[in-house]
Amino acid sequence: ANGYFTYDPGFMATAACESKLTFIDGAKGVLLHGGYPIEQLADKSDYLETCYLLLNGELPNAEQKTEFVDTIMKHTMVHESLTNFFRGFRYDAHPMSVMVGVVGALASFYHDSLDINNAEHRQISAHRLIAKMPTLAAMCYKHHIGQPFMYPDNSLSYSENFLHMMFGTPCDDPKVNPVLARAMDKIFLLHADHEQNASTSTVRLAGSSGANPFACVAAGIATLWGPAHGGANEAVLEMLEEIGTVDNIDTYIAKAKDKSDSFRLMGFGHRVYKNFDPRAKVMKETCDEVLAELGLDNDPLLAIAKRLEQIALEDPYFIEKKLYPNVDFYSGIIMKAIGIPTEMFTVIFATGRTVGWIAHWNEMISNPYKIGRPRQLYTGHTARDFVALDKR
Ligand code: SDX
């Protein structure tokens, strides 16, 4: 209370929303989607099956899975006029700036015919977004490097198709390495949803006004871009490359401890996990598999990452601050090994997270909801009379 206003402590409670999709226990490092542990989904399921789980609350049976996969793969192409939209961007525009634009533009293709109060229309929106995000992501990359766009090949799996659109060309379209496709699928799966993180909360708040779901997801992409959130995977690689050798690690550990120029170890820490991030453990295993498959076991960045992790897990400062590797710590090393440039890392994160965003949007719109209206703690002037210009 500042003598003018008194605050109801109950009002101060952080607004929380109800959801059945994902459960996190940050203290125990637990992440469940529909009750299934992320470790089991990563090991036994795949991305599209997890998409079905997030959209429907249950894992699909064989018939449901076949129908869902067919529906998604049937809609991987985007309207040909969207290719013109890409050409309006400079080739060196950050791919996340392009994704915000083109996903927002999708709203113009699905606006007049879309009734968000119609459950079937909501399902169609979800399916179209999941189907088209890899195509748009790959188009971002092709525009960035000046190569022609590759059309989807729907005879491939979802993640094989993405790598085909990323690295194939009309002149040379080699078979996708199944180990890399499986790693890509795990990266999408591990990023699928994460409860009320900043970008998902943005999608929910935007959706609470009744806005077009494609525009709401574009708002989520904008939020994810920040280095404190989805942009961290790009920042991890930049940090590892700046460290350069294992010998330099101590200097950076010291910078993190004394917070010199507010330096933070990218890929460490989490708003919720104050123990290990279960996704990071799976990502580390996948990283080892991919680098072994590509004969990159001696990748210097991996050596720096592993040494950094070991020091951070043993150092009393990081233990006291509860700073463990998060989902972004190893994902960048995997993506670099696959051949994805750092500026595309957060686009990959957004592609995987699209199902989480649209599942949360659908869950909110499917139930009675009100427009979001965060309140504030006012710390400005109390009421006062206007002062004429010649008196100031
Ligand atoms: C994601 O919400 C989600 O679920 C997000 C996400 C998802 O799937 O959607 O999980 C994805 O965003 C993962 C996080 C990726 N970001 C990074 O890796 C960037 C580096 N990490 C930090 O910036 C930070 O850890 C946050 C933002 C992730 C979490 O910050 P918190 O929990 O709010 O912690 P804090 O900022 O209050 O810091 C607590 C203390 C501080 O020291 P003191 O002021 O107590 O002395 O820990 C220190 C911080 O200085 N600290 C770090 C640090 N993170 C926090 N010190 C060094 N390196 C770090 N990374």
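The structure presented is a predicted model; accordingly, all values stated were derived computationally and were not measured.

Remarks on the nonpolar core
Phase 1: In terms of nonpolar packing, the biggest core is built from 115 residues, with Met99, Val103, Leu136 and Leu308 touching the most fellow members.
Phase 2: The contact partners of Leu136, leaving out residues within four places of it in the chain, are Val78, Leu82, Phe86, Met99, Val102, Val103 and Leu106.

Some remarks on the site of the ligand
Phase 1: Close to the ligand lie 23 residues; His194, His270, Lys274, Arg279 and Arg353 are nearest.
Phase 2: Separating an oxygen atom of the ligand from a side-chain N or O atom of Arg271 is a distance of 2.8 Å.
Phase 3: The contact in question runs from an oxygen atom of the ligand to an N or O atom on the side chain of Lys274, over 2.8 Å.
Phase 4: When the free accessible area of the ligand is taken as 1,100 Å², the share hidden by the protein chains comes to 79%.
Phase 5: A breakdown of the residues in the shell around the ligand according to their chemical character gives 8 nonpolar, 7 polar and 8 charged.

Observations concerning the pattern of salt bridges
Phase 1: This structure, assessed with the given rule, holds 13 salt bridges.
Phase 2: Ionic pairing is found between Lys44 and Asp43, a salt bridge with its closest N-O pair at 3.7 Å.
Phase 3: Overall, the relative accessible area of 64% leaves Lys44 in the exposed class.
Phase 4: Judged by relative accessible area, Asp43 falls into the exposed class, the value being 51%.
Phase 5: As a salt-bridge pair, Lys65 and Asp46 come within 2.7 Å of each other at their nearest N and O atoms.

Some thoughts on helix α7 (residues 158-167)
Phase 1: Where burial is concerned, most of α7 is hidden: 9 out of the 10 residues are buried.
Phase 2: Listed as buried for α7 are Tyr158, Ser159, Glu160, Asn161, Phe162, Leu163, His164, Met165 and Met166.

Description of the confidence of the model for the protein chain
Phase 1: The predicted model of the protein chain has a mean per-residue pLDDT of 92, with 96% of residues at 70 or higher.
Phase 2: Interface confidence for the predicted complex, given as ipTM, is 0.93, next to a pTM of 0.92.

Thoughts on unusual backbone geometry
The phi torsion of most residues other than glycine is negative, and most of the peptide bonds are trans.
Phase 1: The phi dihedral of Lys259 is positive, around 55 degrees, even though this residue is not glycine.
Phase 2: On the secondary structure map, Lys259 appears in the loop between α12 (249-257) and α13 (278-293).

Concerning the packing of helix α8 (residues 178-190) against α13
Two quantities define a packed helix pair, namely the angle between the axes and the distance from one axis to the other.
Phase 1: Running from N to C, α8 and α13 point in directions that differ by 165 degrees, and their axes come no closer than 10 Å. Between α8 and α13, the interaxial angle falls into the category roughly antiparallel. The handedness of the crossing between α8 and α13 comes out as left-handed. On α13, the residues touching Val179, Leu180, Ala183, Lys186, Ile187 and Leu190 of α8 are Arg279, Val282, Met283, Thr286, Glu289, Val290 and Glu293.
Phase 2: Across the contact of α8 with α13, the residue classes tally to 8 nonpolar, 1 polar and 4 charged.

What to know about the environment of Arg264
Phase 1: By the element assignment, Arg264 lies in the loop between α12 and α13.
Phase 2: Residue Arg264 is classed as exposed on the basis of its relative accessible area, which comes to 66%.
Phase 3: Each C-alpha atom, one on Arg264 and one on Ala211, is 36 Å from the other, the two residues being 53 residues apart in sequence.

Brief notes about α12
Phase 1: Where α12 is concerned, the buried positions are Ile249, Tyr252, Ile253 and Ala256. One side of α12 carries all its buried residues, which in axial view fall inside an arc of 105 degrees.
Phase 2: Where α12 is buried, its residues contact α11 (232-243), α14 (300-314) and α15 (316-321).

So, the packing of aromatic side chains
Phase 1: A complete count under the given rule lists 13 aromatic pairs for this structure.
Phase 2: Residues Phe162 and Phe188 carry aromatic rings whose centres are separated by 5.5 Å and whose planes lie at 70 degrees to one another, so their mutual orientation is edge-to-face. Highlighted residues: Phe162 in helix α7 and Phe188 in helix α8, separated in sequence by 26 residues. Per residue, the accessibility class of Phe162 equals that of Phe188, and both read buried.
Phase 3: Judged by centre distance (4.9 Å) and plane angle (80 degrees), the ring pair of Phe329 and Tyr330 falls under edge-to-face.
Phase 4: Judged by relative accessible area, which is 0%, Phe329 ranks as buried.
Phase 5: Taken together, the ring pairs in this structure connect Tyr47, Tyr158, Phe162 and Phe188 into an aromatic cluster.
Phase 6: Above the ring of Phe276, the side-chain terminus of Lys281 is found at 4.6 Å from the ring centroid.

Looking at the pairing of strand β1 (residues 22-25)
Phase 1: Across 4 bridges, the pairing between β1 and strand β2 (residues 30-33) is antiparallel. Bridged to Phe23 within β2 is Leu32.
Phase 2: Linking β1 back to β2 in an antiparallel pair, the connection comprises 4 residues, with Gly29 at a positive phi of about 65 degrees.

Comments concerning the environment of Tyr141
Phase 1: Structurally, the position occupied by Tyr141 is in helix α6 (residues 119-145).
Phase 2: Between the C-alpha atom of Tyr141 and that of Phe167, which follows or precedes it by 26 residues, the distance is 9.3 Å.

Thoughts on the state of the cysteines
Phase 1: For the structure on display, the rule yields 0 disulfides.
Phase 2: We note that Cys140 lacks a disulfide partner, and the nearest cysteine sulfur, in Cys51, lies 19 Å from it.

Each value, and the rule that gives it
- Residues numbered from 1 in each chain as written.
- Predicted model: local features only at pLDDT ≥ 70, side-chain atom pairs only at ≥ 80, totals over all residues.
- Heavy atoms only, no water.
- Core = buried A, V, L, I, M, F, W, Y, C linked by side-chain atoms within 4.5 Å.
- Buried < 20%, exposed > 50% of the residue type's maximum accessible area, 1.4 Å probe, protein only.
- Contact = heavy atoms within 4.5 Å.
- Near = heavy atom within 4 Å.
- Polar contact = N/O pair within 3.5 Å; in protein donor to acceptor, adjacent residues only side chain to side chain.
- Areas by Shrake-Rupley, 256 points an atom, 1.4 Å probe, with all protein chains shown as cover.
- Nonpolar A, V, L, I, M, F, W, Y, C, P; charged D, E, K, R; others polar.
- Salt bridge = Lys/Arg side-chain N within 4 Å of Asp/Glu carboxyl O.
- Helix = DSSP H or I, 4+ residues; strand = E, 2+ residues; numbered from the N terminus.
- pLDDT = per-residue confidence, 0-100.
- Axes fitted to C-alpha atoms, helices over the stretch in contact; angles between N-to-C directions.
- Parallel < 35°, antiparallel > 145°, perpendicular 65-115°, else oblique.
- Left-handed = near helix turned anticlockwise from the far one by under 90°.
- Arc of directions from axis to C-beta.
- Phe/Tyr/Trp six-rings, centres within 6.5 Å; stacked < 30°, edge-to-face > 60°.
- Lys NZ or Arg CZ within 6 Å of the ring centre and 35° of its normal.
- Pairing = 2+ DSSP bridges.
- Disulfide = S-S within 2.5 Å.

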